[in-house]
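An overview of the molecular structure
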Amino acid sequence: MQKFKFKLDALLKVREFKEKKVKIELGDLLKQMNAVEDKIRLANQAIDETYEAQETFMNDSSQGRMLQFFPYFIQGKKEDIKNQENLLWALRKKYDAKILELAEARGQVKIMENFKENKKVEWTKVKNKKEQEDIDELINIRRLGINE
């Protein structure tokens, strides 16, 4: 008897490929989210350093024009942080959508794998039954051959 062949193997491979693709996209989104979080952290760190530098400038004798720079820099960094937070929010929305897509893809793959397993069990039962019938037939032939 021929070995087991699942007729929907190509469909299973397509669904597995889609699942892998979604996993890769999730990884890319996570990298982007980490990069944005790092930018926010660096901007906050720059603001803290700017406040420290401003204090140092105020203790030294310096020009008033130099002191005007600090509020503008801080304001720019705060706006950058807001933009980065908006970008992070959008990336999180995409991430949540991809998580749902991954769950659906995993479900489809699982369904196909279960279906394949069921078909293999059915095929194994038919194969075993056929082998048993062949064995029984050989035993009957031998019995008839010995009795004659």
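Source: prediction; values computed, not measured.

1. Concerning a nonpolar patch on the surface
Taken together, the side chains of L8, L11, V14 and F115 make up a nonpolar region of the molecular surface, amounting to roughly 320 Å² of accessible area. Among the secondary structure elements, L11 is positioned in helix α1 (residues 9-59).

2. Considerations on the packing of aromatic side chains
All chains considered together, the criterion is met by two aromatic pairs. Plain terms: the ring middles of F4 and W123 are 5.7 Å apart, the flat faces sit at 55 degrees to each other, and that makes the pair tilted. Taken together, the residues span a long stretch of sequence, with F4 in the segment before α1 and W123 in helix α2 (residues 64-147) at a distance of 119 residues. Residue classification places F4 among the buried residues on the basis of a relative accessible area of 18%. Ring centres of F6 and F115 lie 5.9 Å apart, and the angle between their planes is 65 degrees; this geometry places the pair in the edge-to-face category. Of the two residues, F6 is situated in the segment before α1 and F115 in helix α2; the sequence distance between them amounts to 109 residues. Take F115: its relative accessible area is 35%, and that puts it in the partly exposed class.

3. Some details on the nonpolar core
Core analysis: the largest hydrophobic core is formed by 10 residues, namely L29, M33, V36, I40, A43, I47, I74, I81, L88 and L91. Looking at this core, the elements with two or more residues in it are α1 and α2. For this core, the element with the highest residue contribution is α1, accounting for six residues. Residues within four places of I47 in sequence aside, it is in contact with I74, K77, K78 and I81. Listed in part, the five residues of the second largest apolar core include F4, F6, L12 and M112.

4. Quick notes on the environment of I81
Tracing the backbone shows I81 in helix α2. Take I81: its relative accessible area is 8%, and that puts it in the buried class. Taking the C-alpha atoms as reference points, I81 and I40, separated by 41 residues in sequence, lie 5.5 Å from one another. Excluding its chain neighbours within four sequence positions, the residues that come into contact with I81 are I40, A43, N44 and I47.

Here is what the cut-offs are and how they apply
Residues numbered from 1 in each chain as written. Predicted model: local features only at pLDDT ≥ 70, side-chain atom pairs only at ≥ 80, totals over all residues. Heavy atoms only, no water. Patch = residues over 30% accessible without salt bridge, like charges linked within 9 Å, V, L, I, M, F, W, Y side chains within 5 Å. Areas by Shrake-Rupley, 256 points an atom, 1.4 Å probe, with all protein chains shown as cover. Salt bridge = Lys/Arg side-chain N within 4 Å of Asp/Glu carboxyl O. Helix = DSSP H or I, 4+ residues; strand = E, 2+ residues; numbered from the N terminus. Phe/Tyr/Trp six-rings, centres within 6.5 Å; stacked < 30°, edge-to-face > 60°. Buried < 20%, exposed > 50% of the residue type's maximum accessible area, 1.4 Å probe, protein only. Core = buried A, V, L, I, M, F, W, Y, C linked by side-chain atoms within 4.5 Å. Contact = heavy atoms within 4.5 Å.

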